[in-house]
Amino acid sequence: SQQGEEDPQALSIQEGENATMNCSYKTSINNLQWYRQNSGRGLVHLILIRSNEREKHSGRLRVTLDTSKKSSSLLITASRAADTASYFCATVSNSGNTPLVFGKGTRLSVIA
Amino acid sequence: DVKVTQSSRYLVKRTGEKVFLECVQDMDHENMFWYRQDPGLGLRLIYFSYDVKMKEKGDIPEGYSVSREKKERFSLILESASTNQTSMYLCASSPPGLALSYEQYFGPGTRLTVT
């Protein structure tokens, strides 16, 4: 039961540009999280935004959440080649204590 | 730092073999998870565990079982491996409490090939 859907599926940008990825989901959430996965490795948690928050920052990352549209965006500013990875959103439903549901990810390539 | 380790990075097994994938975390987390990741399908939850000897089915438990005899260790078992279980397997843990909503910490993954 995958809830989060990332858009685009793949994104290619030049180093120094900003990268924006979007996530849409279907049901009410407790929180939404973003993860990064370098090729062939495990996922790394980046940021968590709660349903009562609208925006959150962490270093070069900016996450927004619009619960009325059931969507979130992840902005990476001044991208670097090391940002090349897959990015996943994951949602936690508001109904009961249920596990994270991950989307299929956006593949970001940052070209030096 | 939280550390989640998985017993193997790469594993090749034959069809019909019994396969054990081991996961160990060192942060006293109560919640542990097993996922498989396939191209185009993202991460799918196989099983998870709230506590020792507790287990819950995820979205795709068929063909798998799990064991949690100690808090730090969560094992995934393929009773009779099949080629459609060729995949990347990821283990994760998360902090205690009403905490399925907390962030998860992932191991490096095991790439299993069943021939």
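Residues numbered from 1 in each chain as written. Chains lettered and ligands numbered in written order. Predicted model: local features only at pLDDT ≥ 70, side-chain atom pairs only at ≥ 80, totals over all residues. Heavy atoms only, no water.

1. A short note on the sheet that holds strand S6 (residues 55–58) of chain A
Residue and element names in this part refer to chain A.
- With antiparallel pairing, the five strands of this open sheet are ordered in space as S1-S3-S8-S7-S6. Two strands bound the open sheet, and with one partner strand each, they are strand S1 (5–7) and S6. Looking at each pair of strands side by side, their axes are set apart by 20° on average, direction ignored. (Pairing = 2+ DSSP bridges. Helix = DSSP H or I, 4+ residues; strand = E, 2+ residues; numbered from the N terminus. Axes fitted to C-alpha atoms, helices over the stretch in contact; angles between N-to-C directions.)

2. Some points on the confidence of the model for chain A
- Summary statistics for chain A give a mean pLDDT of 92 and a share of 96% for residues scoring 70 or more.
- The least confident element of chain A is S1(A), whose mean pLDDT is 85; the most confident is strand S7 (residues 61–66) of chain A, at 98. (pLDDT = per-residue confidence, 0-100.)

3. Regarding the side chain of B:Gln6
- Residue position: B:Gln6 is located in strand S1 (residues 4–6).
- Excluding residues that lie within four positions of it along the chain, B:Gln6 makes contacts with B:Glu22, B:Trp34, B:Tyr89, B:Leu90, B:Cys91, B:Gly107, B:Pro108, B:Gly109 and B:Thr110. (Contact = heavy atoms within 4.5 Å.)

4. Structural notes on the confidence of the model for chain B
- On average, residues of chain B score 92 in pLDDT, and 94% of them reach the 70 mark or higher.
- Ranking the elements of chain B by mean pLDDT puts strand S5 (residues 42–49) of chain B last with 93 and strand S11 (residues 110–114) of chain B first with 98.

5. Regarding the interface of chain B and chain A
- Tallying the contact residues gives 26 residues for chain B and 22 residues for chain A.
- Buried surface at the junction of chain B and chain A, both sides included, amounts to about 1,800 Å², of which 53% is carbon and sulfur.
- Taken together, the links from chain B to chain A amount to four residue pairs in polar contact (both at pLDDT 80 or more).
- Breaking the side of chain B that touches chain A down by element, the ones donating at least two residues are strand S4 (31–38), S5 and strand S9 (87–94) of chain B. (Buried area = accessible area lost by both parts, 1.4 Å probe. Polar contact = N/O pair within 3.5 Å; in protein donor to acceptor, adjacent residues only side chain to side chain.)

6. Comments concerning the sheet that holds strand S3 (residues 19–25) of chain B
All names here are of chain B.
- The four strands lie next to each other as S1-S3-S8-S7, forming an open sheet whose pairing is antiparallel. Whereas interior strands pair on both sides, the edge strands pair on one side only; in this sheet they are S1 and strand S7 (64–70). Here the average twist between neighbouring strands, direction ignored, is 20°.
- Pairing of S7 with strand S8 (residues 73–78), which is carried by five bridges, proceeds in the antiparallel orientation. Paired with Ser65 across the two strands is Ile77, which belongs to S8.

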